[in-house]
Amino acid sequence: MTHAHPLAGRVCLITGASSGIGAHLARRMARAGAQVVLGARRTELTGTIAEDINSAGGKALAVALDVTSESSIAEAFASAESRFGPVDTVVANAGVVRNGRSTDAPEADLRQVYDTNLLGVHLTANAAARAMMAAGSRESEAGRIVIIGSITAQMTGQGDAAYAASKEGVAHLGRQLAREWVRQGINVNTVQPGYIRTELVGDWFDSDGGKAQIAGWHRRRLMEIDALDDLVLFLCSDASAHVTGGTFTVDDGQSL
Ligand code: NDP
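Thresholds, definitions, all that
- Residues numbered from 1 in each chain as written.
- Predicted model: local features only at pLDDT ≥ 70, side-chain atom pairs only at ≥ 80, totals over all residues.
- Near = placed C-beta within 6 Å.
- Helix = DSSP H or I, 4+ residues; strand = E, 2+ residues; numbered from the N terminus.
- Nonpolar A, V, L, I, M, F, W, Y, C, P; charged D, E, K, R; others polar.
- pLDDT = per-residue confidence, 0-100.
- Pairing = 2+ DSSP bridges.
- Axes fitted to C-alpha atoms, helices over the stretch in contact; angles between N-to-C directions.
- Contact = placed C-beta atoms within 7 Å.
- Expected span 1.5 Å × (residues − 1).
- Bend = angle between axes of the 7 residues up to and from the residue.
- Buried ≥ 20, exposed ≤ 12 C-beta atoms within 10 Å, placed from the backbone.
- Core = buried A, V, L, I, M, F, W, Y, C linked by C-beta atoms within 7 Å.
- Left-handed = near helix turned anticlockwise from the far one by under 90°.

Quick word on the site of the ligand
Item 1. Around the ligand, the structure places 30 residues, and the nearest of them are Gly 16, Gly 20, Arg 42, Gly 95 and Leu 200.
Item 2. Contributions of two or more residues to the shell around the ligand are made by α1 (20-31) and α4 (107-134).
Item 3. No other element matches α1, which puts three residues into the shell around the ligand.
Item 4. The residue makeup of the shell around the ligand, split by class, is 13 nonpolar, 13 polar and four charged.

This is the structure in structure tokens:
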């Protein structure tokens, strides 16, 4: 990325911004010039990150957000708009995992995974598209929606059936929505990361099983938290005007 502030003027709402990849991207996107809105349930965490960004000269707002609730999403978009103007960029990043054998999985766990990772992304994208279409007369061809999927969509694994299915689901959802909104100038793309150490993976990679998994990868390493930065910044910027309906793998070759 050659331009120092590729997201200048953009209003970016990031879901799941209280930890891990979402929190990191919020800080990174603010440094790239965006006005960032950090959405998550744990507002004590997003509030602190927003304060950090603002005291470093950026522009950030923390909003309470539960992506499984359409009314919560609508309130978050309304708060974002009243502070910064219409949201034109969304990173649908919120996600959860529940590991275990399918036949042992409580219904509540399955619902939480699908509701957050699949329905939550769809409800978020719908709210984003509505906001972008309403603002369309002012700013055409500027809408950007980036979905954070997972390489588990491309593989079969042990004990993460619902998670992997939800991630395959959002990749196809992204293509469908890209087609649905292509004439409105809204680009929808999906990023499929490999493994990065965050709360989501917990201490798995410190265990013998986790260490063996890393040893089996070609590059024998986990990715760092900044692995997605340049691709996500590109997909959120004006530079990606012609890129929509794409699915992009960033996994250090883990899935090869
Ligand atoms: P974290 O567990 O660190 O972060 C997950 C985020 O999702 C938290 O901020 C959490 O916030 C938020 N979240 C969960 N449920 C909801 C909800 N109902 N409403 C709003 N926010 C919610 O995980 P990662 O940073 O690792 O994961 C981010 C994304 O990246 C996920 O979609 C994950 O599937 C994906 N991913 C991660 C990989 C990895 O190796 N880490 C690999 C591939 C994909 P709060 O609890 O405050 O609401």
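Structure's up, so let's keep going.
Points about the confidence of the model for the protein chain
Item 1. Residues of the protein chain with pLDDT of at least 70 account for 97%, and the chain-wide mean is 95.
Item 2. Overall fold confidence for the complex sits at a pTM of 0.97, while the interface term, ipTM, reaches 0.99.

Some remarks on unusual backbone geometry
Item 1. Phi at Arg 220 is positive, roughly 50 degrees, even though this residue is not glycine.
Item 2. Positive phi, normally seen in glycine, also occurs at Asp 252, with a value near 60 degrees.
Item 3. Its location among the elements puts Asp 252 in the segment after β7 (247-250).

So, the sheet that holds strand β2 (residues 35-40)
Item 1. Taken in spatial order, the seven strands make up an open sheet running β3-β2-β1-β4-β5-β6-β7, and their pairing is parallel. Since the sheet does not close on itself, it has two edges, and those belong to β3 (59-64) and β7, each with one partner. Averaged over all neighbouring strand pairs, the angle between strand axes comes to 20 degrees, with direction disregarded.
Item 2. Set on the sheet, helix α2 (residues 43-55) makes contact with β2 and β3; between it and β3 the angle comes to about 170 degrees.
Item 3. Against the sheet, helix α5 (residues 161-180) contacts β5 (143-148), β6 (186-193) and β7, and its axis sits at roughly 165 degrees relative to β6.

Considering α4
Item 1. An ideal rise of 1.5 Å per residue puts 40 Å on 28 residues; α4 measures up with 38 Å between its terminal C-alpha atoms.
Item 2. Where α4 bends most, at Asp 115, the angle is about 35 degrees.
Item 3. Those residues of α4 lying buried are Val 113, Thr 116, Asn 117, Gly 120, Val 121, Leu 123, Thr 124, Ala 125, Ala 127, Ala 128, Ala 131 and Met 132.

Side note on the nonpolar core
Item 1. Ranked by size, the top nonpolar core spans 63 residues in total, and within it Cys 12, Ala 26, Met 29, Val 36, Leu 38 and Ala 80 carry the most contacts.
Item 2. Here this core gets seven residues from one element, more than from any other, and that element is α4.
Item 3. Discounting residues that sit within four places of it in the chain, Leu 38 has contacts with Ile 14, Ala 17, Ala 26, Thr 46, Ile 49, Ala 50, Ala 60 and Ala 62.
Item 4. Formed by six residues, the second largest nonpolar core is a distinct cluster that contains Val 97, Ala 162, Tyr 163 and Ala 164.

Focus on the pairing of strand β4 (residues 89-92)
Item 1. Of the two faces of β4, the one lined by Thr 89 and Val 91 and the one lined by Val 90 and Ala 92 are each fully buried.
Item 2. As paired strands, strand β1 (residues 11-15) and β4 are joined by three bridges and run parallel to one another. Residue pairing in the sheet places Ile 14 in a bridge with Val 91 of β4.
Item 3. Both β4 and β5 contribute to a ladder of four bridges, which runs parallel. The partner of Val 91 across the bridge, within β5, is Val 146.

Here we look at the packing of helix α3 (residues 70-84) against α4
Item 1. One way to put it is that α3 packs onto α4 with a least axis distance of 10 Å and a crossing angle of 40 degrees. Considering the relative orientation of α3 and α4, their crossing is right-handed. The residues of α4 that touch α3, namely those facing Glu 70, Ile 73, Ala 74, Phe 77 and Glu 81, are Leu 123, Thr 124, Ala 127 and Ala 131.
Item 2. Residue classes in the contact of α3 with α4 are distributed as six nonpolar, one polar and two charged.

A few points about the environment of Asn 117
Item 1. Among the secondary structure elements, Asn 117 is positioned in helix α4.
Item 2. Remark: the alpha-carbon pair of Asn 117 and Ala 162, spanning 45 residues in sequence, is separated by 9.5 Å.

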